[in-house]
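As a plain string of letters, each chain reads:
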Amino acid sequence: MCGIVGFTSSEPLQKKEQKLKKMLGSIMHRGPDGEGMEVNDFCAIGMRRLAIIDPKSGWQPIYNKDKSVAIVFNGEIYNYKEVWADLIKKGYHFVTDHSDTETILHGYEEWGEKVVEHLVGMFAFAIYDLRNQEVFIARDRLGIKPLYYCTDANTVYFASELKAIFQIPEVKRVPNWGVLYQFLMFRVHDSTEETFFHGVKRLLPGHWMILNKKGIKKIHKYWNPTCSTTFASSQTDADYAHEFYELFQKVMKRHLISDVPVGVSLSGGLDSSGVSSVMHELMESGTNLHTNGDLHTFSAIYPNQSIDESDYMHEVENAIHSKPHYTHPTVDKFWNEIMEWVYYQEEPTISSAPYAYYSVYREAHKHVKVMLSGNGGDELLAGYIPYFKAYLTSAIDNKAYLSGARELICGWDLYQKYFWEKIESSNPFQKSLAMKELLDGSFQKNPYVFLQSRNLNERLLLDVTRYSTPNLLRYEDKNSMAFSIESRVPFLDHELVEYIFNLPIDQKLRNGWNRFVYRNAMKGHMPEKNRLRRNKIGFTNPEVTWIKAKAPAIRKIFQSKEFANRNLYNTHEVTKAFDEWCHGRPGDGLIFWRILITELWFQRYIDPITISQ
């Protein structure tokens, strides 16, 4: 796990090296263990290293035998041992002891661009190919590891973080007004290649890119997942549960590959409880977490709050005999360090919920170097209540009317709140909050077109590849790397993702239970209290309470001259609506979070002369 940077350029070597060092200096938090660079007539590539696999000999850049190919790499290749063995048979000689990075390098020599198809893991890497005078850059299928880039004439800059690119004076920090509008109005971001900065893009998940002396030669999408639209199961529930658990255990085992201590984030929710429980089973069967036999769990605790999950956490901790560690985020702690948090996030966030992970990773940094999380499970297995609508339309379209009616009845304790909120929001006698009323008329543009489907599996595929998971992964990477922690997300192993995409719909929702196949698969492997819990809270903060607690400070920001000069809002209406909401007006108060975080982002990234910590 590292941070990588680079660019193509015909500048003098000394100037390239100076630029590269400045870029690397801005992301030391991603790799405090060391630094490596390759600077030549065509390009400069570099990395900051967080040593996880082969700490002693896996230093980068790694070169091939005649030094015609060099690689810098961010991520982990979980099947590197299998790829290594295959390449040995083909005659390749390895110079490191057991570096997963070197498998990519020789894999590129053997398979060229198709090397990505042989890799299981999370990755963003850049390979300098002297023979072709090209740089080959690739990002993993789900986009677990980030890669940003921008062009200036024939020069292309790329990096694991935006702040590294902004060390280049030629790259201007200009807001992307279209992305800002979509974020404020529709809660959408990270769904396309566009970032919040004009001219700076992200290489999309499952894509690779080739650079040459003229700039970007080609961008190609190499992963095109499909899903089944089938509604009804063709096997028994027991068969599906057995298949799921076997694959999940396989995925978990390869996600525990490490030469340094490994821990897990535990929220008490269904997904993190499952990840923690299977980790315990694997430890019992001999998997080494390099923690002297302890299983370290890390949790955010909110005593006496409505989102307190401590009972569920303790249930898992007692079952797996873990060594628990707690952090206690508060609104005052958050407010005191919110600008530092914005610095690490780099772009606005839909809510303040990622701060919970930020706090957990800060605590984890004291004990481990690698963390597993349950992120991604909800989006894959229909873990949120609104997915019921897509289930219902799927049942209707498949003429499974009895299944739809049964689901409505069995899950009414969960779905009724969703339906009542929909009814309340359309009440003509009670005007609810609306972002459209708060935005300046001249800024209301670029309507966002959502890709939609009546089929639940197609809806889940869209959320995983476009609407939900990409922003969750951005938060995961920023929060963990801020504290030099490698975060792994086993639910988003592409083999597991492809399997889940092709399960029938009634293995996602059945008899009022979401994540149906997962719950069945985990029977006997995790505490029943957690496996059969009906409510869902998630890894979050008491956001509404926190916003209202800081209402005077937030109102001051909304009334500031700087805020008014953005020309984004009807500033009088923003303050008025905020005060009304604080005093009980119904509606989604998180619209004020999006306005607030956008203003703080302007202050931290657009207004300053330099970007530095």
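Above this text sits the structure in question.
Just so it is clear, the model here is predicted, and its values are computed rather than measured.

**Describing the overall build of the chain**
Move 1: A count of helical and extended segments in the chain gives 26 helices and 19 strands.
Move 2: Taken over the C-alpha trace, the chain has a radius of gyration of 24 Å; the compact-globule value for 613 residues is 25 Å, and the two agree within 12%.
Move 3: Seen along its three principal axes, the alpha-carbon backbone of the chain occupies a region of about 75 × 60 × 45 Å.
Move 4: For the chain, the proportion of its 613 residues judged to be buried stands at 61%.
Move 5: Looking at the chain alone, contacts between residues at least 24 apart form 73% of all its contacts between residues at least 6 apart.
Move 6: Element-wise, carbon and sulfur atoms account for 51% of the exposed surface of the chain, whose accessible area totals about 24,100 Å².
Move 7: Once the 72 positive and 74 negative side-chain charges of the chain are each reduced to a mean point, those two points are 4 Å apart.

**What about the pattern of salt bridges?**
Move 1: Applying the stated criterion across every chain yields a total of 40 salt bridges.
Move 2: For the salt bridge of lysine 369 with aspartate 33, the shortest nitrogen-to-oxygen distance reads 2.6 Å. Within this pair, whereas lysine 369 is found in the loop between helix H11 (354–364) and strand S16 (370–372), its partner aspartate 33 is found in the loop between helix H1 (13–25) and strand S2 (34–39), the two being separated by 336 residues in sequence.
Move 3: Residues aspartate 477 and lysine 145 are paired through a salt bridge, measuring 2.6 Å at the closest nitrogen-oxygen approach. With aspartate 477 in helix H18 (residues 469–481) and lysine 145 in the loop between strand S7 (134–139) and strand S8 (148–152), the pair connects residues that are 332 residues apart, well separated along the chain.
Move 4: Its relative accessible area of 1% is what places lysine 145 among the buried residues.
Move 5: Within this structure, Arg30, Lys145, Glu161, Lys163, Glu346, Asp477 and Lys478 form a network of salt bridges that share partners.

**So, the side chain of glutamate 134**
Move 1: Relative to the helices and strands, glutamate 134 is located in strand S7.
Move 2: On the accessibility criterion, glutamate 134 (12% relative accessible area) is buried.
Move 3: Within the structure, glutamate 134 has its side chain in polar contact with the side chain of lysine 217 (distance 2.7 Å).
Move 4: Beyond its immediate chain neighbours, meaning those up to four positions away, glutamate 134 contacts Phe42, Ile127, Tyr128, Asp129, Ile210, Leu211, Asn212 and Lys217.

**What about the pairing of strand S3 (residues 43–49)?**
For a regular strand, the rule is simple: side chains alternate between the two faces of the sheet.
Move 1: Burial of S3 is extensive: 7 of the 7 residues sit out of reach of the surface.
Move 2: Here 7 bridges tie strand S1 (residues 2–8) to S3, and the two strands are oriented antiparallel to one another. Bridging across to S3, cysteine 2 finds its partner in arginine 49.
Move 3: Note: S2 against S3, 6 bridges, orientation antiparallel. The residue bridging glycine 34 from the neighbouring strand is arginine 49, located in S3.
Move 4: Hairpin geometry of S2 and S3 is characterised by an intervening segment of 3 residues between the two adjacent antiparallel strands.

**Digging into helix H13 (residues 387–397)**
Move 1: Taken together, the buried positions of H13 are occupied by Tyr387, Phe388, Ala390, Tyr391, Thr393, Ser394 and Ala395.
Move 2: Taken from the residues just after H13, lysine 399 is the one with a positive phi, measuring 55 degrees.

**Quick notes on the packing of helix H23 (residues 551–558) against helix H26 (residues 590–606)**
Move 1: The contact between H23 and H26 brings their axes to 11 Å, and the two run at 60 degrees. Considering their axes alone, H23 and H26 lie oblique with respect to each other. Seen from above, H23 lies across H26 with left-handed handedness. Together, Ile554, Ile557 and Phe558 of H23 and Phe592, Ile595, Leu596, Glu599 and Leu600 of H26 make up the contact between the two elements.
Move 2: Taken together, the residues of the contact of H23 with H26 break down into 7 nonpolar, no polar and 1 charged.

**A short note on the packing of aromatic side chains**
Move 1: Here the structure, examined in full by the defined rule, presents 47 aromatic pairs.
Move 2: Taking 3.9 Å as the distance between ring centres and 20 degrees as the angle between the ring planes, the aromatic pair formed by tryptophan 84 and phenylalanine 94 counts as stacked. With a gap of 10 residues between them, tryptophan 84 in helix H2 (residues 80–89) and phenylalanine 94 in the loop between H2 and helix H3 (100–111) connect regions that are remote in the sequence. Comparing tryptophan 84 with phenylalanine 94 shows no difference in burial state: the two are buried.
Move 3: Taken together, a centroid distance of 4.0 Å and an interplanar angle of 15 degrees make the contact between phenylalanine 388 and tyrosine 415 stacked. One end of the pair, phenylalanine 388, is in helix H13; the other, tyrosine 415, is in helix H15 (residues 412–425), with 27 residues separating them in the sequence. The burial state of phenylalanine 388 is the same as that of tyrosine 415; both residues are buried.
Move 4: The ring of tryptophan 59 carries the charged tip of arginine 49 above its face, separated from the ring centre by 4.5 Å.
Move 5: One residue, lysine 548, lies across the ring of tryptophan 581, its end atom 4.7 Å from the ring centre.

**Looking at the nonpolar core**
Move 1: Grouped together as the largest cluster of nonpolar side chains are 82 residues, with contacts concentrated most on Phe125, Phe244, Phe248 and Met279.
Move 2: Broken down by element, this core gets its largest block of residues, 8 residues, from helix H6 (residues 237–255).
Move 3: Among residues more than four places away in sequence, those in contact with methionine 279 are Met252, Leu256, Val262, Gly263, Val264, Leu289, Leu295 and Leu372.
Move 4: With 81 residues, the next largest nonpolar core counts Tyr343, Tyr358, Trp546 and Leu590 among its residues.

**Observations concerning the sheet that holds S1**
Move 1: In space, the 6 strands of this open sheet follow the order S2-S3-S1-S9-S8-S10, with antiparallel pairing throughout. This sheet does not close on itself; its edge strands, each paired only once, are S2 and strand S10 (200–202). Neighbour to neighbour, the strand axes of the sheet diverge by 15 degrees on average, direction disregarded.
Move 2: Here H1 sits on the sheet in contact with S1, S2, S3 and strand S9 (155–159), set at roughly 150 degrees to S2.

**Focus: the side chain of arginine 594**
Move 1: Within the secondary structure, arginine 594 is located in helix H26.
Move 2: The side chain of arginine 594 is buried and forms no salt bridge, while aspartate 588, the nearest opposite charge, is found at 4.3 Å.
Move 3: A polar atom in the side chain of arginine 594 sits 3.0 Å from the backbone oxygen of leucine 184.
Move 4: Each residue touching arginine 594, except ones within four places of it in the same chain, is listed here: Phe183, Leu184, Met185, Arg187, Ile350, Met435 and Asp588.

What counts and what doesn't
- All residue numbers refer to positions counted from 1 along the written sequence of the respective chain.
- Per-residue local features are limited, in this predicted model, to residues with pLDDT of at least 70; the limit for side-chain atom pairs, both in listing and counting, is 80 or more; totals at the level of whole chains, interfaces and linings are taken over all residues.
- Heavy atoms throughout the structure, all of them, feed into the side-chain values; hydrogens and water do not.
- The numbering of helices and of strands both runs from the N terminus, where a helix is a DSSP run of H or I of at least 4 residues and a strand a run of E of at least 2.
- Radius of gyration here is computed from C-alpha atoms only, and the compact-globule reference equals 2.2 Å multiplied by the residue count raised to the power 0.38.
- The rule is simple: take the accessible area with a 1.4 Å probe, protein chains only, and divide by the maximum for that residue type; under 20% is buried, over 50% is exposed, in between is partly exposed.
- By definition in these notes, contact holds between two residues if any of their heavy atoms fall within 4.5 Å.
- For the accessible areas, the method is Shrake-Rupley and the probe is 1.4 Å, while residue cover comes only from the protein chains on display.
- In this tally, Asp and Glu contribute negative charge and Lys and Arg positive charge; neither His nor the terminal groups of the chain are included.
- Just so you know, the charge point we use is NZ for Lys, CZ for Arg, CG for Asp and CD for Glu.
- We define a salt bridge as a side-chain nitrogen of Lys or Arg found within 4 Å of a carboxyl oxygen belonging to Asp or Glu.
- The term polar contact refers here to a pair of N or O atoms within 3.5 Å; inside protein, the definition further demands a hydrogen-donor-capable atom paired with an acceptor-capable atom, and it admits residues adjacent in sequence only when both atoms are side-chain atoms.
- Strand pairing is defined by DSSP finding a minimum of two bridges between the two strands.
- All axes are obtained by fitting lines to C-alpha atoms, using only the stretch in contact for helices, and the reported angles, taken between N-to-C directions, cover 0 to 180 degrees.
- An angle below 35 degrees is treated as roughly parallel, one above 145 as roughly antiparallel, one from 65 to 115 as roughly perpendicular, and anything else as oblique.
- Should the near helix be turned anticlockwise from the far one by less than a right angle, the crossing is termed left-handed; should it be turned clockwise, right-handed.
- Three classes are used, and their members are as follows: Ala, Val, Leu, Ile, Met, Phe, Trp, Tyr, Cys and Pro are nonpolar, Asp, Glu, Lys and Arg are charged, and the others, Gly among them, are polar.
- Two aromatic rings from Phe, Tyr or Trp, using only the six-membered ring of Trp, form a pair when their centres are within 6.5 Å; if the ring planes differ by under 30 degrees the pair is stacked, by over 60 it is edge-to-face, and anything between is tilted.
- As a reminder, the over-ring test applies to NZ of lysine and CZ of arginine, requiring each to be within 6 Å of the ring centre and within 35 degrees of the ring normal.
- Put simply, buried Ala, Val, Leu, Ile, Met, Phe, Trp, Tyr and Cys residues joined by side-chain atoms within 4.5 Å make one nonpolar core.

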